[in-house]
Every structure is written in C-alpha cells, then in structure tokens.
Amino acid sequence: MLNDSVKYIKQLIRDFEPEIGIVLGSGLGELADEYCQMSIEYKDIPNFEVSTVIGHRGRLVFSEISGKKVVMMQGRFHLYEGHSVQKSVLPIKVMKKLGVKTVILTNAAGGVNASFSPSDLMVITDHINFMGVNPLIGANDDSMGTRFPDMSEVYTPEYVELVKKTGNEIGIDLQEGVYMALTGPSYETPAEVRMARVLGADAVGMSTVPEAIVASWAGMKVIGISCICNSAAGVSTVGLSHDDVINAANSAKNKFKLLIKEVIKRL
Ligand code: HPA
C-alpha cells in the first residue's frame, strides 16, 4: 500500500527530495497556495483518500520555502471522516519514504487553558492520545521503527525551543502546552473540557496525535503548532461552530505563515 503511493509520487517529482514535511490544518492551507511549484491531487495518488472537510483542499504541494525543499499536505485525513487511524497516517509514512527528516504538524484546536485567546498560536510540547486507538497497532514495520517506541520526546525539545525563539525574534507571541486529541466530530462537552484540563491538556483537537506518534516512531523530528480557534466548550459562554473555527484560523493565518517561514529558515 505504502510502496504504491510512494512510487506514484516519486515518478512525478523525480529528483525533488523534500527534507521538511508540513501538514496544514483547517484554515491554514494558504501557505501551500503561496508556495506551489508542483502539486499532486490526493485523488490521483494510489491509496490516498479525498479530503471531505471544508477548509481542506486535498493535495500534496511541493516547493522550496526559505531555501529548503518542502512537501505540504493541504488537507489531512481525520478519523471523524471515517478513515481508519492507519489510513490517517499514510501520508506521514510517505513523507518518511520521500526523505523527509522533520515534520511540522499544524492544526486548529480549542483552548482549554483559560489564559488562551482565539487566534493564539500554541507550540505543542506534548500530547495526550484520547482517541482510543493507536496508529501503530498491527504488524510492525521494523524497517521504519521499533515495536515499542519511546514517546518521551515526541515534540523535539530542541525544536520547541527553536520555535519559541523564532516567535520572540519576529515579535509573534506564542503559547505553549499539551494537546489532547479526541476523535470528534462532535465538539467536547463542558464536562469533557474540564476532564481535559484536569488531565493536563491546554488544547483539544481532532488530529495530529496519530501523525506525531508515527513520525516519532519513524525517527523524524516533530514540531507541532496549534492555532487556538476558540475557547473549548464551557471555557467561555459562546457556542462553537466550524465557521468560527475557520474565521479564527483566517485571522491568525498571516502570523502563522510568517512563523512557519521563519522556523524553516532556522531548521
Ligand atoms: N475542540 C476540538 N477540536 C477543535 C476545536 C474544539 O474546541 N476547535 C477547533 N478544533
């Protein structure tokens, strides 16, 4: 399955060898429109799925950003779309096979930490897998990673520091914290958000964690950045809607793009 996808992509991109992979979350896909030298639609790639979510375009984009070769996923595969957790991480395994050394995982998330505001960017320092599944369940591909991988430092500490330092240098305030993933698609109840807080989460979302587990297992460095799009249920009195999430991502997108470009420059 993996090999067919990789073979198809390689035959199109030829000697373009991306060293950085970026997964662009809801409302954050514009970076790929801005930097698109070459693109491949998911629907044309063997074993890829089409993106069904508004704000997710559904293509792989190849380009140079800040002098580095990059592959971007403009849209990802979520569990709530009905995809298996294994399918949701296929693109990360593809990135590994294409030669990617560092992945930057981005997402839209709800703020659990009461000091966060909509449109804040949060550097992910750790995660809680609350999806009830693990993408590494099943036969282990020993050529990629070990059966029982250590998850002590999924989000490369050196790069967490690099992102914070970059934010500082370019005048973008950054939050940092723990991201908890649930399957969705329903947003959390206020009680679930209280639970998330008690368990140590600063933000909640419906993606990223399976990708981070696989990237870490496969020996890639991982950077995670959440765009806090709303206060999670019960944190503020306002109700939640996907439109509000997209709007908040939209108002954060310029600083988001700037941060990513500057981080890539420093990698
Ligand atoms: N919860 C889960 N996922 C999300 C949220 C939220 O409040 N906002 C954006 N993605």
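Residues numbered from 1 in each chain as written. Predicted model: local features only at pLDDT ≥ 70, side-chain atom pairs only at ≥ 80, totals over all residues. Heavy atoms only, no water.

J.: Would you mind showing me how to read the overall build of the protein chain here?
T.: Of regular secondary structure, the protein chain possesses 8 helices and 9 strands. Computed over C-alpha atoms, the radius of gyration of the protein chain comes to 17 Å, within 12% of the 18 Å expected from 2.2 N^0.38 for 267 residues, which places it in the range of a compact globule. For the protein chain, the C-alpha atoms occupy an extent of roughly 50 × 40 × 35 Å along the three principal directions. Going through the 267 residues of the protein chain one by one, you find that 55% of them count as buried. For the protein chain, contacts bridging at least 24 residues in sequence account for 82% of all contacts bridging at least 6. (Helix = DSSP H or I, 4+ residues; strand = E, 2+ residues; numbered from the N terminus. Rg over C-alpha atoms; globule rule 2.2 N^0.38 Å. Buried < 20%, exposed > 50% of the residue type's maximum accessible area, 1.4 Å probe, protein only. Contact = heavy atoms within 4.5 Å.)

J.: Sorry if this is basic, but what is going on with the packing of aromatic side chains here?
T.: Under the defined criterion, the tally for this structure stands at 4 aromatic pairs. Centre to centre, the rings of Tyr-42 and Phe-77 are 5.3 Å apart; their planes meet at 65°, and the pair counts as edge-to-face. On the criterion of sequence distance, the pair formed by Tyr-42 in the loop between β2 (38-41) and β3 (59-65) and Phe-77 in the loop between β4 (68-74) and α3 (85-88) is long-range, its members being 35 residues apart. There is no split in this pair, since Tyr-42 and Phe-77 are both buried. (Phe/Tyr/Trp six-rings, centres within 6.5 Å; stacked < 30°, edge-to-face > 60°.)

J.: Explanation requested: the site of the ligand in the structure shown.
T.: Close contacts around the ligand come from Ala-108, Ala-109, Gly-110, Tyr-187, Glu-188, Val-204, Gly-205, Met-206, Asn-230, Leu-240 and Val-245, and that covers them all. Ala-108 is positioned with one of its backbone polar atoms (N or O) 3.3 Å from a nitrogen atom of the ligand. Between the ligand and Asn-230, the relevant distance is 2.6 Å, taken from a nitrogen atom to a side-chain nitrogen or oxygen of the residue. Secondary structure elements with two or more residues in the shell around the ligand: β5 (102-111) and β8 (203-205). For the shell around the ligand, the per-class residue count stands at 7 nonpolar, 3 polar and 1 charged. (Near = heavy atom within 4 Å. Polar contact = N/O pair within 3.5 Å; in protein donor to acceptor, adjacent residues only side chain to side chain. Nonpolar A, V, L, I, M, F, W, Y, C, P; charged D, E, K, R; others polar.)

J.: Hey, could you run me through the nonpolar core in this one?
T.: For soluble globular proteins, nonpolar side chains are generally found buried alongside one another. Core analysis: the biggest nonpolar cluster contains 80 residues, and Ile-9, Ile-22, Leu-60, Phe-62 and Met-72 have the highest contact counts within it. By residue number, the principal contributor to this core is helix α8 (residues 242-266), which donates 9 residues. Look past the residues within four positions of Ile-9 in its chain and what remains in contact with it is Ile-40, Ile-45, Leu-60, Phe-62, Val-94 and Leu-98. (Core = buried A, V, L, I, M, F, W, Y, C linked by side-chain atoms within 4.5 Å.)

J.: How should the pattern of salt bridges be read in this particular structure?
T.: Oppositely charged side chains are able to pair whenever their charged atoms sit close together. In the structure shown here, the tally under the stated rule is 16 salt bridges. As a salt-bridge pair, Lys-257 and Glu-30 come within 2.5 Å of each other at their nearest N and O atoms. Of this pair, Lys-257 sits in helix α8 while Glu-30 sits in helix α2 (residues 30-34), placing them 227 residues apart in sequence. Accessibility expressed as a relative area gives 8% for Lys-257, which makes it buried. One continuous salt-bridge network, built from bridges that share partners, spans Glu-30, Glu-34, Lys-253, Lys-257 and Lys-261. (Salt bridge = Lys/Arg side-chain N within 4 Å of Asp/Glu carboxyl O.)

J.: When you look at a nonpolar patch on the surface in this model, what are you seeing that I'm missing?
T.: Residues Phe-130, Val-198 and Leu-199 make up a contiguous nonpolar surface patch of about 300 Å² in total accessible area. Along the chain, Val-198 falls in helix α6 (residues 190-198). (Patch = residues over 30% accessible without salt bridge, like charges linked within 9 Å, V, L, I, M, F, W, Y side chains within 5 Å. Areas by Shrake-Rupley, 256 points an atom, 1.4 Å probe, with all protein chains shown as cover.)

J.: What's the story with the packing of helix α1 (residues 2-13) against helix α4 (residues 90-98) in this structure? I'm lost.
T.: When two helices pack together, their arrangement is given by the angle between the helix axes and the distance between those axes. Here α1 crosses α4 at 55°, and the two axes come no closer than 10 Å. The pairing of α1 with α4 is recorded here as oblique in orientation. Handedness of the α1/α4 crossing: right-handed. Between α1 and α4, the contacting residues are Leu-2, Asn-3, Ser-5, Val-6, Ile-9, Lys-10 and Ile-13 on the first element and Leu-90, Lys-93, Val-94, Lys-97 and Leu-98 on the second. When its residues are assigned to classes, the contact of α1 with α4 shows 7 nonpolar, 2 polar and 3 charged. (Axes fitted to C-alpha atoms, helices over the stretch in contact; angles between N-to-C directions. Parallel < 35°, antiparallel > 145°, perpendicular 65-115°, else oblique. Left-handed = near helix turned anticlockwise from the far one by under 90°.)

J.: It is not clear to me how the state of the cysteines should be interpreted in this structure. Could you clarify?
T.: Simply put, disulfide is the name for a covalent bond between the sulfur atoms of two cysteines. Under the definition given, this model contains 0 disulfides. Left without a disulfide partner, Cys-229 is nearest to the cysteine sulfur of Cys-227, which lies 3.7 Å away. (Disulfide = S-S within 2.5 Å.)

J.: Any chance you could explain α4 here in plain terms?
T.: Since one α-helical turn is 3.6 residues long, residues separated by three or four positions face the same way. Counting buried positions along α4 yields 7 of 9 residues, so the element is predominantly enclosed. Within the sequence span of α4, burial applies to Leu-90, Pro-91, Ile-92, Lys-93, Val-94, Met-95 and Leu-98. A positive backbone phi angle near 105° is found at Gly-99, which sits one or two residues after α4.

J.: What is the right way to look at the environment of Met-220 in this model?
T.: Tracing the chain through its elements places Met-220 in the loop between α7 (209-217) and β9 (221-231). Classification of Met-220 as buried rests on a relative accessible area of 6%. Along the backbone, Met-220 and Ala-249 are 29 residues apart, and their C-alpha atoms lie at a distance of 27 Å. For Met-220, the contacting residues outside a window of four places in its chain are Ile-92, Lys-96, Val-100, Lys-101, Val-103 and Ala-215.

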